[in-house]
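Coordinate inspection notes
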Amino acid sequence: DGGITQSPKYLFRKEGQNVTLSCEQNLNHDAMYWYRQDPGQGLRLIYYSQIVNDFQKGDIAEGYSVSREKKESFPLTVTSAQKNPTAFYLCASRDRATDEQFFGPGTRLTVL
Amino acid sequence: AQRVTQPEKLLSVFKGAPVELKCNYSYSGSPELFWYVQYSRQRLQLLLRHISRESIKGFTADLNKGETSFHLKKPFAQEEDSAMYYCALITGGGNKLTFGTGTQLKVEL
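Now for a quick tour of the structure. (Residues numbered from 1 in each chain as written. Chains lettered and ligands numbered in written order. Predicted model: local features only at pLDDT ≥ 70, side-chain atom pairs only at ≥ 80, totals over all residues. Heavy atoms only, no water.)

Examining unusual backbone geometry
Residue and element names in this part refer to chain A. The step from Ser7 to Pro8 runs through a cis peptide bond, and the omega angle for that step is -10°. Its place among the elements puts Pro8 in the loop between strand S1 (4–7) and strand S2 (10–13). The backbone of Asn53 shows a phi angle near 65°, a positive value even though the residue is not glycine. In this structure, Asn53 sits in the loop between strand S5 (42–51) and strand S6 (54–57). (Helix = DSSP H or I, 4+ residues; strand = E, 2+ residues; numbered from the N terminus.)

As for the state of the cysteines
Note on terminology: disulfide describes a covalent bond linking the sulfur atoms of two cysteines. All names here are of chain A. Per the stated rule, a full pass over the model turns up two disulfides over all chains. Put simply, Cys23 and Cys91 are joined by a disulfide, and their sulfur atoms are 1.8 Å apart. Since a negative S-S torsion denotes a left-handed disulfide, the Cys23-Cys91 link at about -75° is left-handed. Here Cys91 lies in strand S9 (residues 87–94) and Cys23 lies in strand S3 (residues 19–25), a separation of 68 residues in the sequence. Grouping residues by exposure puts Cys23 and Cys91 together as buried. (Disulfide = S-S within 2.5 Å. Buried < 20%, exposed > 50% of the residue type's maximum accessible area, 1.4 Å probe, protein only.)

A look at the sheet that holds strand S3 (residues 19–21) of chain B
Residue and element names in this part refer to chain B. Strand order in the open sheet formed by three strands is S3-S8-S7, with antiparallel pairing between adjacent strands. What marks the edges here is a single partner per strand, and that holds for S3 and strand S7 (60–61). Pairing geometry for S7 and strand S8 (residues 72–74), over two bridges, is antiparallel. Pairing of Ala61 across the sheet is with Leu72, part of S8. (Pairing = 2+ DSSP bridges.)

Looking at the packing of aromatic side chains
A full pass over the atoms with the stated rule returns 12 aromatic pairs over all chains. Ring geometry for Tyr64 of chain A and Tyr89 of chain A: centres 5.9 Å apart, planes at 65°, overall edge-to-face. With Tyr64 of chain A in strand S7 (residues 64–66) and Tyr89 of chain A in strand S9, the pair connects residues that are 25 residues apart, well separated along the chain. On the basis of relative accessibility, which here comes to 6%, the residue Tyr64 of chain A falls in the buried class. Ring centres of Phe103 of chain A and Phe99 of chain B lie 6.2 Å apart, and the angle between their planes is 75°; this geometry places the pair in the edge-to-face category. Of this pair, Phe103 of chain A sits in strand S10 (residues 101–103) while Phe99 of chain B is found in strand S10 (residues 96–99), placing the two residues in two different chains. For the pair shown, Phe103 of chain A and Phe99 of chain B are each scored as buried. Within the aromatic cluster, the residues linked to one another by ring pairs are Tyr33, Tyr35, Tyr48 and Phe103 of chain A together with Phe34, Tyr36, Tyr86 and Phe99 of chain B. A cation sits over an aromatic face here: Arg68 of chain A above Phe74 of chain A, 5.9 Å from the ring centre. (Phe/Tyr/Trp six-rings, centres within 6.5 Å; stacked < 30°, edge-to-face > 60°. Lys NZ or Arg CZ within 6 Å of the ring centre and 35° of its normal.)

Here it is as structure tokens:
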């Protein structure tokens with residue numbers, strides 16, 4: 001089952017710590033995305049990248065950072081500046097031909 | 001600004017009953033809309049898109065530009081249709097998706 005992988009599945013961190021969530025894809029897609037999924041709020045876009053070495057802020061980028069050094073990888077760092085980091089994080093990539101986004105299984109982050 | 005509204009958080013129907021999940025949008029450009037579905041313990045995945053005008057798993061959705069709606073319909077609900085459904089609008093020149101807040105569909109026996 002290739003496509004998009006995210007690790008870890010569950011992540012716990014203490015307040016004040018930065019943590020990095022992994023996202024890898026083998027679909028050869030240029031565009032990748034990070035969303036946050038909260039109950040009753042749907043999916044909200046954190047950051048996205050259209051191509052290697054380029055990325056843009058989404059709607060709720062504050063307290064997060066990303067990098068895109070390789071086409072296959074788009075890691076998300078949740079910094080200590082993020083006020084409410086406990087959430088379910090979804091990574092996706094986009095097929096440019098159809099605009100369909102393909103999603104990973106998600107990482108559930110809990111801040112203790 | 002672009003916006004997608006799904007007014008129902010939860011929709012509960014009996015098996016065999018018709019289903020309609022509502023979606024309204026606001027967008028200044030020419031809209032392209034999708035329905036994504038998330039079954040229990042599965043990934044979020046595309047269900048259908050308005051430009052293909054296809055029926056997937058018995059579901060259809062018609063874009064109504066006059067009412068700015070893209071409601072998802074199925075004539076006879078099945079138990080396996082129980083899932084979270086998200087309506088989404090392409091924005092940013094095709095580079096981004098704006099999602100609604102989702103509707104949890106529960107099909108009861």
